[in-house]
Amino acid sequence: MSEKTGDVVIGIDLGTTNSLAAIVGKDGPRILTREDGAALIPSVVSFLDDGGHLVGEEARARSVTHPRSTVHSVKRLMGQHLEEVRRREGDRLGYEVVATEDSELARVRIGDKLYTPQEISALVLREVKRVAEQALGHEVEQAVITVPAYFDDSQRQATRDAARIAGLQALRIVNEPTAAALAYGLDTSREGTVVVYDLGGGTFDVSVLKITQGVYKVAATAGDTHLGGDDFDHEIMDRILHAVRDHVSATATIPVEALQQIRLSAEGLKRQLSERQDAHLEIDLGLDEPIAFRITRQEFEAAVRPRLDETLACCRAALKDAGVTPDQVDEVVLVGGSTRIPLVRALVEEMFGRTPHTELDPDRVVALGAAIQADVLSGGNKDLLLLDVIPLSLGIETVGGAFAKLVTRNSTVPARATEMFSTSVDDQTSIEINVFQGERELVRDCRPLGAFKLRGLPGMPAGLPRVEVTFLVDADGVLTVKAREQRSELEASIDVVPSHGLTRDEVKDIIRDSIKEARSDFAARELIELRNKAHNLATGTRRVLAMPEMPFTDAQRKDIEDDLARLDTLSKGEDVAALREACDAFGDKTQALADQAIGEAIKAELNREQSRLPS
Ligand code: ADP
Ligand code: MG
């Protein structure tokens, strides 16, 4: 085989239920299939007693008989805090999720072994890599991997880590809806609004994309992290179990092996109902005769209709968020295996008043789009550029616990911002940079992303060091924070370490809270800022007073000392208005002092308004 090797980049859809890879070849994008022709690799890992493990279809087949050693839906755990996982998943997962002592992040426990979600995902990715290499006939080391649009920094970083563990370099992390739109070629020369409706195995996502000159922006997302094909399987399974209980006694326990079989059969019936009006099945439980079960498409549709109506409500919410009406939508794209259900297609068509795109296989479009992006990166296609937006503002803590935002929400990635800060205490030899994400004014209401220290500073008076803080969010949404003290040329940085992740509902809540609390946040923040201002005025003034060359009279000194004492008292209180007034009045007075002062340095000292970092 001689497709070019070495710098080949594949596209990977790392799904909650299924994963798969694709590549752009001479004849366009195509899926890389397994030896037996199968394209979809179930994202399931089953650990065996002998220390080995199975991945894919074979692992999925064990999920009912060995639920505690079979890990499915690990994507729900990526970059997540244990508490979050417990709250959202309850005991739905079947396997054990714990946290280690040194971190609050979720881990999977199998027997006495702990695995990070990244490690489990890596096992799935390794199988995807193996299938791709087998299909191409050579090694693959680089990939573009897709993630849901609402994944935050830590979830994206966790996905990159999973790739690295699997021996793949994730050249780029691309949003799933963006990849789907790319697969349909909705990028070139067109301006417009695209809605991507993605109904998979366990999750529903709808995204509104705005395209301008080949650049994508995710304008809004909505969805339900527990709505998908599995729910439809359960509807059928419940009916099968009902039929079984009519034959055996209502209280009889059904062996897990039989339950396993019934679940897989239910999914099979569901798939058949996408093609025909009814489907049936004979269940052999080793009784005298097999039990017959029949279900019509009409019955199935009635059973799933309420859940589908929920997806439509999400679509309306996303459109509203993006500020567009259904008739302003130019294209609708269907993604996810569950959109093969005819009723889904009909309802979406009715809602948007246009026929959605279904030409490509709905469970393959995301991988195909990822392959197109991979092709761009390996130099095959040069006209595309992909941009996405930052879901929540990013910044650092300043003295008093205020949050200084450097990169604001909805900025397009890649994004870069630089701001100057200084110290709040004399002779600080180290400065801590605390990185947060959120929309509130105080860091205690934001999400910590990481922290690092700039050490070894030569002691300088407070306010003198010039610390340049730079935020860089790369095209994949990965954040690098750098701090540089300009006088000493000391430098330190971090790539944001994964902490717990967020769902899009939580992002929404965060934004809603920031609006609700805006008034009280503003007051709290103003108080902190005024206290800082008073503190800075006092230190600067005391320094000037101490200078031997300053010709102050005793009366002047006493007057200033009295003012400073009053500022100090007001700073300890909560009266924002009085403190503001006192600061302003004292500021005016020291302005005159500054005019008396010799040398620009002293003037600058008194006028310095720079934000200070905590000590
Ligand atoms: P994910 O994105 O969550 O990894 P997929 O897009 O692969 O998942 O969708 C998997 C879901 O699609 C499963 O619930 C599967 O039963 C369902 N599905 C696949 N084909 C059909 C079909 N013909 N009719 C109905 N549902 C289907
Ligand atoms: Mg998917």
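Rules behind the numbers
- Residues numbered from 1 in each chain as written.
- Chains lettered and ligands numbered in written order.
- Predicted model: local features only at pLDDT ≥ 70, side-chain atom pairs only at ≥ 80, totals over all residues.
- Heavy atoms only, no water.
- Helix = DSSP H or I, 4+ residues; strand = E, 2+ residues; numbered from the N terminus.
- Expected span 1.5 Å × (residues − 1).
- Buried < 20%, exposed > 50% of the residue type's maximum accessible area, 1.4 Å probe, protein only.
- Pairing = 2+ DSSP bridges.
- Axes fitted to C-alpha atoms, helices over the stretch in contact; angles between N-to-C directions.
- Contact = heavy atoms within 4.5 Å.
- Core = buried A, V, L, I, M, F, W, Y, C linked by side-chain atoms within 4.5 Å.
- Lys, Arg positive; Asp, Glu negative; His and termini not counted.
- Salt bridge = Lys/Arg side-chain N within 4 Å of Asp/Glu carboxyl O.
- Polar contact = N/O pair within 3.5 Å; in protein donor to acceptor, adjacent residues only side chain to side chain.
- Left-handed = near helix turned anticlockwise from the far one by under 90°.
- Nonpolar A, V, L, I, M, F, W, Y, C, P; charged D, E, K, R; others polar.

Right, let's get into helix 7 (residues 256–273). In this model, helix 7 (18 residues) spans 26 Å end to end at C-alpha, consistent with the 26 Å of a helix rising 1.5 Å per residue. Within helix 7, burial applies to Ala-258, Gln-260, Ile-262, Ser-265, Ala-266, Glu-267, Leu-269, Lys-270 and Leu-273.

Time to look at the sheet that holds strand 9 (residues 106–110). Taken in spatial order, the three strands make up an open sheet running 8-9-10, and their pairing is antiparallel. Strand pairing shows two members of the sheet lacking a second neighbour, strand 8 (96–99) and strand 10 (113–115), which therefore form its edges. Adjacent strand axes in the sheet meet at a mean angle of 45° when their direction is disregarded. The pairing of strand 9 with strand 10 spans three bridges and is antiparallel. In the strand pairing of strand 10, Arg-109 is matched with Leu-114. Its contacts with the sheet place helix 2 (residues 82–89) against strand 8 and strand 9, and it is angled at close to 150° to strand 8.

Turning to the nonpolar core, a few remarks are in order. For soluble globular proteins, nonpolar side chains are generally found buried alongside one another. One finds Ile-240 and Phe-352 to be the most contacted residues of the largest nonpolar core, which totals 48 residues. Among the elements that take part in this core, helix 8 (residues 297–322) stands out by supplying nine residues, more than any other. Every residue in contact with Ile-240, bar those within four places of it in the chain, is listed here: Ile-262, Ala-266, Leu-269, Leu-281, Ile-283 and Phe-293. Ile-41, Met-78, Leu-82 and Ile-173 belong to the second largest nonpolar core, which has 47 residues in total.

Inspection of the secondary structure puts Glu-439 in the loop between strand 24 (430–437) and strand 25 (447–455). We note that Glu-439 is buried and unpaired, the nearest opposite charge coming from Lys-405 at a distance of 4.0 Å. A distance of 2.7 Å separates a polar side-chain atom of Glu-439 from the backbone nitrogen of Ser-393.

Another point: the sheet that holds strand 24. Pairing is antiparallel in the open sheet, where four strands are placed in the order 21-20-24-25. In this open sheet, the two strands that pair with only one neighbour each are strand 21 (402–407) and strand 25. Across the sheet, the mean angle separating the axes of adjacent strands is 30° when strand polarity is ignored. Relative to strand 24, strand 20 (residues 394–398) runs antiparallel, the two sharing three bridges. Paired with Leu-394 across the bridge in strand 24 is Gln-437.

Another aspect to go through is the packing of helix 6 (residues 229–247) against helix 8. The N-to-C vectors of helix 6 and helix 8 enclose an angle of 145°; their axes lie 10 Å apart at closest approach. The handedness of the crossing between helix 6 and helix 8 comes out as right-handed. The segment helix 6 lies against helix 8, with Asp-231, Phe-232, Glu-235, Ile-236 and Arg-239 engaging Phe-300, Ala-303, Val-304, Arg-307 and Leu-308. Residues belonging to the contact of helix 6 with helix 8 are distributed by class as follows: six nonpolar, no polar and four charged.

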